[in-house]
Amino acid sequence: MWVSYNANRDGRRVGDCTIRAIMGATGKSWNSVFWGIVWEAFLQADIMSSNPVWAAYLRRQGFTRHAVPDECPDCYTIEDFAADHPVGDYIVATPGHVVYLHDGDWWDTWDSGGETVTYFWRRG
C-alpha cells in the first residue's frame, strides 16, 4: 500500500527521489545522503543522478543489487514487488524513479505502485 512520504528536508517536491529512498532505507538525514552521493559523484567525475554513482554509495552502505523475476519483466510493478516482499526494507528502481519500500508498503510523494520494477537493493 502507498504511504505518502516526502522526506525532502524543506518539504519540496523535487527530483530527489533517490535521496529520499536511501534516507528511508538507511535512517540517515537528507543532508547526509545528499553529501555522500555528491562525494561519490566527485570521486567518479560524474553527475550525482547517475546510476553508477548512487549504486557505489549504496554498496558502501552495505547494500546489494538484485534482479527482478524474469517471468514478466515488463509488467512486474512496485505494487507486485511490495506484495511479494511483505517484510524488510528495499530500495526499488524503475526506469525513471527510485522508491523506498518498508514491510510491503511503498513510501513516496505520489502513488508509484503501477511503475515497473527494473531492479532492487537490499542491505546485507
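Whatever comes next refers back to the structure up there.
What this report covers is the structure whose coordinates are included nearby. (Residues numbered from 1 in each chain as written. Predicted model: local features only at pLDDT ≥ 70, side-chain atom pairs only at ≥ 80, totals over all residues. Heavy atoms only, no water.)

**Here we look at the overall build of the chain**
1) Next: If you tally the helices and strands in the chain, you get 4 helices and 6 strands.
2) Next: Taken over C-alpha atoms, the radius of gyration comes to 14 Å for the chain, in line with the 14 Å a tight globule of 124 residues would show.
3) Next: Principal-axis analysis of the C-alpha atoms places the extent of the chain at approximately 40 × 30 × 25 Å.
4) Next: Taking the contacts inside the chain whose residues are at least 6 apart along the sequence as the reference set, 55% of them involve residues at least 24 apart.
5) Next: By element, 54% of the accessible surface of the chain is carried by carbon and sulfur atoms, the whole surface being about 6600 Å².
6) Next: Distance from the positive charge centre (10 side chains) to the negative charge centre (16 side chains) of the chain: 12 Å. (Helix = DSSP H or I, 4+ residues; strand = E, 2+ residues; numbered from the N terminus. Rg over C-alpha atoms; globule rule 2.2 N^0.38 Å. Contact = heavy atoms within 4.5 Å. Areas by Shrake-Rupley, 256 points an atom, 1.4 Å probe, with all protein chains shown as cover. Lys, Arg positive; Asp, Glu negative; His and termini not counted. Charge placed at Lys NZ, Arg CZ, Asp CG, Glu CD.)

**Here we look at the packing of helix H2 (residues 30-44) against helix H3 (residues 51-60)**
1) Next: With their axes 9 Å apart at the nearest point, H2 and H3 run at an angle of 115 degrees to one another. The crossing of H2 and H3 is right-handed. Contacts from Ser 32, Val 33, Gly 36, Ile 37, Glu 40, Ala 41, Leu 43 and Gln 44 of H2 reach H3 at Pro 52, Val 53, Trp 54, Ala 56, Tyr 57 and Arg 60. (Axes fitted to C-alpha atoms, helices over the stretch in contact; angles between N-to-C directions. Left-handed = near helix turned anticlockwise from the far one by under 90°.)

**Some remarks on the side chain of Glu 40**
1) Next: Considering the arrangement of structural elements, one finds Glu 40 in helix H2.
2) Next: When sequence neighbours within four positions are dropped, the list of residues in contact with Glu 40 reads Val 53, Ala 56, Tyr 57 and Arg 60.

**Topic: a negative patch on the surface**
1) Next: Side chains of Glu 79, Asp 80, Asp 84 and Asp 111 sit close together on the surface and give a patch of like negative charge.
2) Next: Looking at the element boundaries, Glu 79 is found in helix H4 (residues 78-84).
3) Next: What makes Glu 79 partly exposed here is its relative accessible area of 48%. (Patch = residues over 30% accessible without salt bridge, like charges linked within 9 Å, V, L, I, M, F, W, Y side chains within 5 Å. Salt bridge = Lys/Arg side-chain N within 4 Å of Asp/Glu carboxyl O. Buried < 20%, exposed > 50% of the residue type's maximum accessible area, 1.4 Å probe, protein only.)

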